[in-house]
Amino acid sequence: MPTLVWSTSKHDVYMAGNFKIIHWSGLSSKMTDVLDTAEHVTSSEDYPGNYEIGFHQSQINTVSVRFNLLIVGGNFGQLICKRIDRPDHSSLNPRDQQTLLVVGDNAKGRLVNCIDGEAIATLSGHSDMLYASAWHPDGYKFATGSVDKTCRIWDIRKTSESMDVLKGNAEAIRSLCFTADGQYMAMGETVDFVHIYDASRFEKKQVVDFFRTESLFIGVTPHTNPNNTHLLWYNRRRNFGSYEYYYY
């Protein structure tokens, strides 16, 4: 017998219908999409953006939620597991210290007031799941990175559309970081490539190729002198290092 409704508390109900899992909150009386199986579903950790692995248009047969883990079964033996207690990535506005940029297993990002939890804006433009986010030190500009192999630049004063779209070379945009002085932004792909941009107009300055480096995470040392700045990298095999870069 299929199980298509699951309650985790007297205020929280998860329902299946039309290839979606929807969460209903009795406190806010709002319904939120949690999972869309009509779209391509694959492991966001092991095979991000890989359309040869996984499945789509999966008819939901059963659903279970416990300990913040959502488990969904399909009609043909598909099994989907998803953590629902946290987004993939979030970053706090350095200017007001209360506007939170939240991204996750969805093509849309969100700006949320972390004090009262109220939604401020929804960010539409990417065509696939979001992996990364970062604020410019001025607290007005921010960036989002996606499985669609692009990074979008936004302005909090106009969130209806992005200011710019930066394209990667091969894979999903996994990591983003601005320098402390706001002059540059580093954009890391899932494998191999890190792009370094002039953050004033987001013109590309350098592309660094870390050959055969998987799931790259990046950071920038907090120096304001561009001739004394290092790009830091770390991968899933727990290797790490630094790369000194210069601007001309």
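Everything that follows concerns the structure shown earlier in this document.
In this text the structure is predicted, and so the values were computed from the model without any measurement. (Residues numbered from 1 in each chain as written. Predicted model: local features only at pLDDT ≥ 70, side-chain atom pairs only at ≥ 80, totals over all residues. Heavy atoms only, no water.)

Trainee: Help me understand the overall build of the protein chain, please; the structure alone is not making it clear to me.
Mentor: A count of helical and extended segments in the protein chain gives 0 helices and 22 strands. Residue burial in the protein chain is summarised as follows: out of 248 residues, 42% are buried. Long-range contacts, defined as pairs at least 24 residues apart, comprise 33% of the intrachain contacts of the protein chain with a sequence gap of at least 6. As displayed, the protein chain offers around 13,600 Å² of accessible surface, 49% of which is attributable to carbon and sulfur atoms. (Helix = DSSP H or I, 4+ residues; strand = E, 2+ residues; numbered from the N terminus. Buried < 20%, exposed > 50% of the residue type's maximum accessible area, 1.4 Å probe, protein only. Contact = heavy atoms within 4.5 Å. Areas by Shrake-Rupley, 256 points an atom, 1.4 Å probe, with all protein chains shown as cover.)

Trainee: Please explain the sheet that holds strand β12 (residues 130-135) as it appears in this structure.
Mentor: Sheets are built from strands that pair by backbone hydrogen bonding, the pairs being arranged parallel or antiparallel. Strands sit in the order β12-β13-β14-β15 across an open sheet of 4 strands; the sheet is antiparallel. The outermost strands of the open sheet, each flanked by one partner alone, are β12 and β15 (164-167). Recorded for the sheet is a direction-independent mean angle of 20° between the axes of neighbouring strands. Bridge count between β12 and strand β13 (residues 141-146): 5 bridges; the pairing is antiparallel. Across the sheet, alanine 132 pairs through a bridge with glycine 145, a residue of β13. (Pairing = 2+ DSSP bridges. Axes fitted to C-alpha atoms, helices over the stretch in contact; angles between N-to-C directions.)

Trainee: Help me out: how do you make sense of the sheet that holds strand β3 (residues 20-25) in this one?
Mentor: The strand order across the open sheet formed by 4 strands is β1-β2-β3-β4, and the pairing between neighbours is antiparallel. On the outer flanks of this sheet lie β1 (5-7) and β4 (30-36), each paired with one strand and no other. Averaged over neighbouring strand pairs, the angle between their axes works out to 20° when direction is ignored. Pairing geometry for β3 and β4, over 6 bridges, is antiparallel. Residue serine 25 lies in a different strand from β4, and its bridge partner there is lysine 30.

Trainee: Explain the environment of tryptophan 6 to me, please; I cannot follow it from the model alone.
Mentor: Position of tryptophan 6 relative to the elements: it lies in strand β1. A relative accessible area of 30% places tryptophan 6 in the partly exposed class. For the pair tryptophan 6 and arginine 66, spaced 60 residues apart in sequence, the C-alpha to C-alpha distance is 9.4 Å. Ignoring anything within four residues of it in the chain, the contact list for tryptophan 6 reads Asp12, Val13, Tyr14, Val63, Ser64 and Val65. From its side chain, tryptophan 6 meets the backbone oxygen of valine 65 in a polar contact 2.7 Å long. (Polar contact = N/O pair within 3.5 Å; in protein donor to acceptor, adjacent residues only side chain to side chain.)

Trainee: Mind showing me how you'd approach the environment of lysine 141 here?
Mentor: Considering the arrangement of structural elements, one finds lysine 141 in strand β13. Among all residues touching lysine 141, those that are not within four sequence positions of it are Trp135, His136, Trp154, Met163, Ala199 and Phe202. Here aspartate 138 takes part through its side chain, which lies 3.1 Å from a polar atom of the side chain of lysine 141.

Trainee: Sorry if this is basic, but what is going on with the packing of aromatic side chains here?
Mentor: Here a ring pair, both rings aromatic, is described through the centre-centre distance and the interplanar angle of the planes. Tallied over the full model, the rule gives 3 aromatic pairs. Aromatic pair phenylalanine 142 and tryptophan 154: ring centres 6.4 Å apart, planes at 10°, arrangement stacked. Of this pair, phenylalanine 142 sits in strand β13 while tryptophan 154 is found in strand β14 (residues 150-155), placing the two residues 12 residues apart along the sequence. The pair phenylalanine 142 / tryptophan 154 is uniform in exposure class, with both members buried. With a centroid separation of 6.5 Å and an interplanar angle of 80°, the aromatic rings of phenylalanine 178 and phenylalanine 202 are classed as edge-to-face. Linking phenylalanine 178 in strand β16 (residues 173-178) with phenylalanine 202 in the loop between β18 (191-198) and β19 (203-214), this pair joins segments that are 24 residues apart in sequence. (Phe/Tyr/Trp six-rings, centres within 6.5 Å; stacked < 30°, edge-to-face > 60°.)

Trainee: Just checking my understanding: could you explain unusual backbone geometry for this structure?
Mentor: Residues apart from glycine generally show negative phi values, whereas peptide bonds are mostly found in trans. The backbone of lysine 149 sits at a positive phi, close to 70°, despite the residue not being glycine. Take lysine 149: it is sitting in the loop between β13 and β14. Residue classification places lysine 149 among the partly exposed residues on the basis of a relative accessible area of 40%. Residues other than glycine seldom take positive phi values, yet phenylalanine 202 does so here, at roughly 55°.

Trainee: Where do I start with the side chain of aspartate 148 in this structure?
Mentor: Position of aspartate 148 among the secondary structure elements: in the loop between β13 and β14. Within the buried set, aspartate 148 has no salt-bridge partner at all; the shortest N-O distance to an opposite charge, 5.2 Å, is to arginine 152. A polar atom in the side chain of aspartate 148 sits 3.0 Å from the backbone nitrogen of serine 127. Every residue in contact with aspartate 148, bar those within four places of it in the chain, is listed here: His126, Ser127 and Asp128. (Lys, Arg positive; Asp, Glu negative; His and termini not counted. Salt bridge = Lys/Arg side-chain N within 4 Å of Asp/Glu carboxyl O.)

Distances and angles like these do not, on their own, reveal function.
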